[in-house]
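Take a look at the letters that make up each chain.
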Amino acid sequence: MSAAADIVRARIGAEGVRLGFVLGSGLGALSEAITEEARFDYCELPDFPASGVSGHAGALVIGRLQGARVALLAGRAHYYESADASAMRAPIETLKALGAEALVLSNAAGSTREAMGPGALMALSDHINLSGANPLIGLGGGDACFVNMVDAYDPDLRARLHEIASTRDILLGEGVYAWFSGPSFETPAEIRMARMLGADAVGMSTVPEAILGRYFGLRVAAVSVITNFAAGMTGRPLSHEETKTEAIKSEARFRALIAGFAGSFA
Ligand code: HPA
C-alpha cells in the first residue's frame, strides 16, 4: 500500500509506531527529545514532499518518546508552496501504514483573541477552512472522500492533552483554528472577519493534514503555539522571523506537553 512505509519498516522492523507527529514552524527541536532509532530524509521516501520553508527540516524520525514508539514528521509541505493541498498525503498515509492510531499536529499561529497572546498553547477544538482548497479534491477515493468532520479533533485525545497540561502546570487553552492559504499574512479586515466567524487562531497549515488524517482513519489532535497577535491587533507588522523566534520561546512547554502525551501511549 505505502511504498514509503515498506522502506521504513525494512529499517525499523515489524514493530510499528503508536503515534505520528507533524511539527510546525520553530517546533522541530522536539526531535531532540526522541531517542532516535532511524531517520529518513523526505527525499529518500517515495511521494514525500520536498519542504523548503525555513524552520522546516524535512525528515521522518522514528524513535521512542517517553517510552512510546513514535514517528515524527519534522517538516511539512504547505499548500502555499505548491498549490497542492494534498502535499502531505504520502507522509500521513505512511504513519497509518506504520500502525499509528493517532496523529498529533502542531503549528505556529496568530491569535485573534486579546486574552490569548504570544506564548499561549491552544488545543484545537475545531477548524474553519477559509482556503477554498481541500486535500481530498481529485484524490479519486470514491465515496471515501466524503469524510465526516464532526469531532475531527478527537474529544478523548483533547481531554488527554488537557489532563497532561494540568498535571504539568502547563497552561493550555482551546479554540477554533482558521486556515488561510498564505503565504502572505492576513489583512486586518480578514482577521476581523475570522474573529466574527468564530476563529480564535489563524494559520497556514494543519487543516489539510487533519482532513487527510481523518481520511486515513487516524484519530487527530492538534496544538497551536501562538506566536503573535493576528494582523491589525497591534501597531506592528507581522513576519516569519517573529513566528520562528516566538515559537522557539514556547518550545520547552510545547515539548513537555507533547512528551507527556506520548508517554500516555507507552
Ligand atoms: N497568520 C498566519 N499564520 C501564522 C501567523 C499569523 O498571524 N502566525 C504564525 N503563523
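Residues numbered from 1 in each chain as written. Predicted model: local features only at pLDDT ≥ 70, side-chain atom pairs only at ≥ 80, totals over all residues. Heavy atoms only, no water.

Chemist: Got a sec to walk through the environment of valine 207? Specific residues and values, please.
Modeler: Along the chain, the position of valine 207 falls in helix α6 (residues 207–215). Residues valine 207 and alanine 178, spaced 29 residues apart in sequence, show a C-alpha to C-alpha distance of 8.2 Å. Excluding residues within four positions of it along the chain, valine 207 makes contact with His127, Asn129, Tyr153, Tyr177 and Trp179. (Helix = DSSP H or I, 4+ residues; strand = E, 2+ residues; numbered from the N terminus. Contact = heavy atoms within 4.5 Å.)

Chemist: Just give me the short version of the site of the ligand, but keep the residues and values in it.
Modeler: Within the structure, the ligand sits among Ala108, Ala109, Gly110, Phe185, Glu186, Val202, Gly203, Met204, Thr227, Asn228, Leu238 and Thr243. With respect to the ligand, the backbone of glycine 110 contributes an N or O atom lying 3.3 Å from a nitrogen atom. In this structure, threonine 227 approaches the ligand through a side-chain N or O atom, which is 3.5 Å from a nitrogen atom. Within the complex, the protein chains bury 96% of what would otherwise be the 260 Å² of accessible surface of the ligand. Broken down by secondary-structure element, the contributors of at least two residues to the shell around the ligand are β5 (102–111), β8 (201–203) and β9 (219–229). Among the elements that take part in the shell around the ligand, β5 stands out by supplying 3 residues, more than any other. (Near = heavy atom within 4 Å. Polar contact = N/O pair within 3.5 Å; in protein donor to acceptor, adjacent residues only side chain to side chain. Areas by Shrake-Rupley, 256 points an atom, 1.4 Å probe, with all protein chains shown as cover.)

Chemist: An account of the packing of aromatic side chains is needed here, citing residue identities and associated values.
Modeler: Aromatic rings considered in pairs are described by the distance between their centres and by the relative angle of their planes. Per the counting criterion, the structure on display carries 4 aromatic pairs. Taken together, a centroid distance of 5.7 Å and an interplanar angle of 70 degrees make the contact between tyrosine 79 and tryptophan 179 edge-to-face. Of this pair, tyrosine 79 sits in helix α2 (residues 79–82) while tryptophan 179 sits in strand β7 (residues 172–179), and the two are 100 residues apart along the sequence. The class for tryptophan 179 is buried, based on a relative accessible area of 0%. Centroid distance phenylalanine 261 to phenylalanine 265: 5.3 Å. Interplanar angle 55 degrees. Geometry classified as tilted. For the pair formed by phenylalanine 261 and phenylalanine 265, the shared burial category is buried. Between arginine 11 and the ring centre of phenylalanine 40, over which it is positioned, the NZ or CZ distance is 4.2 Å. (Phe/Tyr/Trp six-rings, centres within 6.5 Å; stacked < 30°, edge-to-face > 60°. Buried < 20%, exposed > 50% of the residue type's maximum accessible area, 1.4 Å probe, protein only. Lys NZ or Arg CZ within 6 Å of the ring centre and 35° of its normal.)

Chemist: Account for the nonpolar core, with residues named and values stated.
Modeler: The biggest cluster of nonpolar side chains holds 46 residues, and the ones touching the most others in it are Val8, Leu60, Ile62, Leu73, Leu103, Tyr153 and Tyr177. The contacts of leucine 73, once residues within four sequence positions are left out, are Phe21, Val22, Leu23, Tyr42, Phe48, Ala59, Leu60, Met88, Pro91 and Leu95. If you look at the next biggest cluster of nonpolar residues, it comprises 33 residues, including Val61, Leu157, Ile164 and Val223. (Core = buried A, V, L, I, M, F, W, Y, C linked by side-chain atoms within 4.5 Å.)

Chemist: Account for the pairing of strand β6 (residues 121–129), naming residues and giving values.
Modeler: Two elements, β6 and β7, share 8 bridges in a ladder whose sense is parallel. Within β7, the residue paired with leucine 124 across the bridge is glycine 175. (Pairing = 2+ DSSP bridges.)

Chemist: Can you tell me about the packing of helix α4 (residues 155–167) against helix α7 (residues 240–263), naming the residues and giving the values?
Modeler: The relative placement of two packed helices comes down to the angle between their axes together with the axis-to-axis distance. Running from amino to carboxyl end, α4 crosses α7 at an angle of 120 degrees, the nearest separation of the two axes being 9 Å. Between α4 and α7, the interaxial angle falls into the category oblique. Note on packing geometry: the crossing formed by α4 with α7 is right-handed. Each of Leu157, Arg160, Leu161, Ile164 and Ala165 in α4 lies in contact with α7, whose residues at this interface are Leu257, Gly260 and Phe261. Partitioned by chemical class, the residues of the contact of α4 with α7 number 6 nonpolar, 1 polar and 1 charged. (Axes fitted to C-alpha atoms, helices over the stretch in contact; angles between N-to-C directions. Parallel < 35°, antiparallel > 145°, perpendicular 65-115°, else oblique. Left-handed = near helix turned anticlockwise from the far one by under 90°. Nonpolar A, V, L, I, M, F, W, Y, C, P; charged D, E, K, R; others polar.)

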